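Architecture at a glance
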Amino acid sequence: MRTPRAVFAAATTALALLLGACAGGPTPQVWAASVCQALGPWRAEISNLTSSTQQQMTAKTTPAQAKENLVRLLGGAEAASEKARSQVKEAGVPDVDDGDKVAGGFLDSLTAVRDAYSKAKLGIEQLDAGRADPFYDGVETVMSTLTTEYNRSALDTSSLDSPELKKAFDEVPECR
């Protein structure tokens, strides 16, 4: 028969274990899986949008049609980037040394990508599609800036050295 003291001790121990589990972030494997689940669809969407953009730029369309298509495509890339950023944020901070730095690096990178697409979309929206040559010159400038900002937003993994996360990213099925 359990005494009230034994029940209280068991409940206290269980509560301490639960609180301890909540204090740390997700394991490297859980965090890597969450991040890859966010980034996989994002990469696919960006790839599709990039292909569509290239097709739009070579298709015979009017400047107004090109503008509409580019705004829609860049808006889609912006939305996909924000969705991935939000999901990575929801993944939390991995329970590894400098986990906050690692998670912050991913978030900063995705934020910069999202903002680059937003800026490009705004740049295209502001172009006058009434005259073809100036419009397409403007598109070229906006897209060149987007490429530069996109490349600048790349995650610098050299400072995010976590053997546990490297192993997790290599092992979890979501990252393959």
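Described below are features of the structure shown in this document. Computed from a prediction, not measured in an experiment: that's the story for all the values here.

Glancing now at the overall build of the protein. Within the protein, the regular secondary structure consists of 6 helices and 0 strands. In the protein, the succession of α and β elements from N to C terminus is α-α-α-α-α-α. Per-residue burial over the protein gives 34% buried out of 176 residues. Within the protein, counting contacts between residues at least 6 apart in sequence, those at least 24 apart form 82% of the total.

Once that is clear, we can look at the nonpolar core. With 36 residues, the main nonpolar core has Trp31, Leu39, Trp42, Val88 and Ile124 as its most contacted residues. If you list the elements that add at least two residues to this core, you get helix H2 (28-58), helix H3 (63-90), helix H4 (99-125) and helix H5 (132-152). Per-element tally for this core: the top contributor is H4, with 10 residues.

This part covers the pattern of salt bridges. Scanning all chains against the criterion turns up 6 salt bridges. For glutamate 82, the salt bridge goes to arginine 85, with nearest N and O atoms at 2.8 Å. On the criterion of helical spacing, the pair formed by glutamate 82 and arginine 85 is a turn pair, its members being 3 residues apart in helix H3. Glutamate 82 gets classed as partly exposed once you look at its relative accessible area, which sits at 25%.

To continue, consider unusual backbone geometry. Positive phi outside glycine occurs at aspartate 98, with the angle close to 60°. Of note, aspartate 98 is situated in the loop between H3 and H4.

The next subject is the environment of alanine 80. Note on placement: alanine 80 falls in helix H3. A sequence separation of 39 residues divides alanine 80 from proline 41, and the C-alpha atoms of the two residues are 8.5 Å apart. In this structure alanine 80 touches Trp42 and Glu45, once residues within four positions along its chain are discounted.

We now examine the environment of valine 93. Relative to the helices and strands, valine 93 is located in the loop between H3 and H4. With relative accessibility at 39%, the residue valine 93 sits in the partly exposed group. The spatial distance from the C-alpha of valine 93 to the C-alpha of alanine 103 is 5.6 Å, given a sequence separation of 10 residues. Setting aside anything within four residues of it in sequence, one finds valine 93 in contact with Gly25, Pro26, Trp31, Gly99, Asp100 and Ala103.

Bringing a negative patch on the surface into the picture now. On the surface, Asp97, Asp98, Asp100 and Glu164 cluster together into a negatively charged patch. Its place among the elements puts aspartate 100 in helix H4. Residue class for aspartate 100 comes out exposed when judged on its relative accessible area of 54%.

Before going further, it helps to spend a moment on the packing of aromatic side chains. Summed over the entire model, instances satisfying the criterion amount to 5 aromatic pairs. Ring geometry for phenylalanine 135 versus tyrosine 136: centroids 5.0 Å apart, planes at 75°, classification edge-to-face. A relative accessible area of 1% places phenylalanine 135 in the buried class.

Following both chains from N to C, one finds H2 and helix H6 (residues 163-171) inclined at 55°, their axes separated by 8 Å at the closest point. Judged by the angle between their axes, H2 and H6 are oblique. Of the two elements, H2 crosses H6, and the hand of that crossing is right-handed. On the side of H2, the interface is formed by Pro28, Gln29, Trp31, Ala32, Val35 and Cys36, while H6 contributes Glu164, Leu165, Ala168 and Phe169. Taken together, the residues of the contact of H2 with H6 break down into 8 nonpolar, 1 polar and 1 charged.

Think of an α-helix as turning once every 3.6 residues; residues three or four places apart then point the same way. For H2, spanning 31 residues, the distance from its first C-alpha to its last is 44 Å, which sits close to the expected 45 Å at 1.5 Å a residue. The complete set of buried residues in H2 reads Pro28, Trp31, Ala32, Ala33, Val35, Cys36, Ala38, Leu39, Trp42, Ile46, Leu49 and Thr53. Elements in contact with the buried residues of H2: H3, H4, H5 and H6.

What counts as what
Residues numbered from 1 in each chain as written. Predicted model: local features only at pLDDT ≥ 70, side-chain atom pairs only at ≥ 80, totals over all residues. Heavy atoms only, no water. Helix = DSSP H or I, 4+ residues; strand = E, 2+ residues; numbered from the N terminus. Buried < 20%, exposed > 50% of the residue type's maximum accessible area, 1.4 Å probe, protein only. Contact = heavy atoms within 4.5 Å. Core = buried A, V, L, I, M, F, W, Y, C linked by side-chain atoms within 4.5 Å. Salt bridge = Lys/Arg side-chain N within 4 Å of Asp/Glu carboxyl O. Patch = residues over 30% accessible without salt bridge, like charges linked within 9 Å, V, L, I, M, F, W, Y side chains within 5 Å. Areas by Shrake-Rupley, 256 points an atom, 1.4 Å probe, with all protein chains shown as cover. Lys, Arg positive; Asp, Glu negative; His and termini not counted. Charge placed at Lys NZ, Arg CZ, Asp CG, Glu CD. Phe/Tyr/Trp six-rings, centres within 6.5 Å; stacked < 30°, edge-to-face > 60°. Axes fitted to C-alpha atoms, helices over the stretch in contact; angles between N-to-C directions. Parallel < 35°, antiparallel > 145°, perpendicular 65-115°, else oblique. Left-handed = near helix turned anticlockwise from the far one by under 90°. Nonpolar A, V, L, I, M, F, W, Y, C, P; charged D, E, K, R; others polar. Expected span 1.5 Å × (residues − 1).

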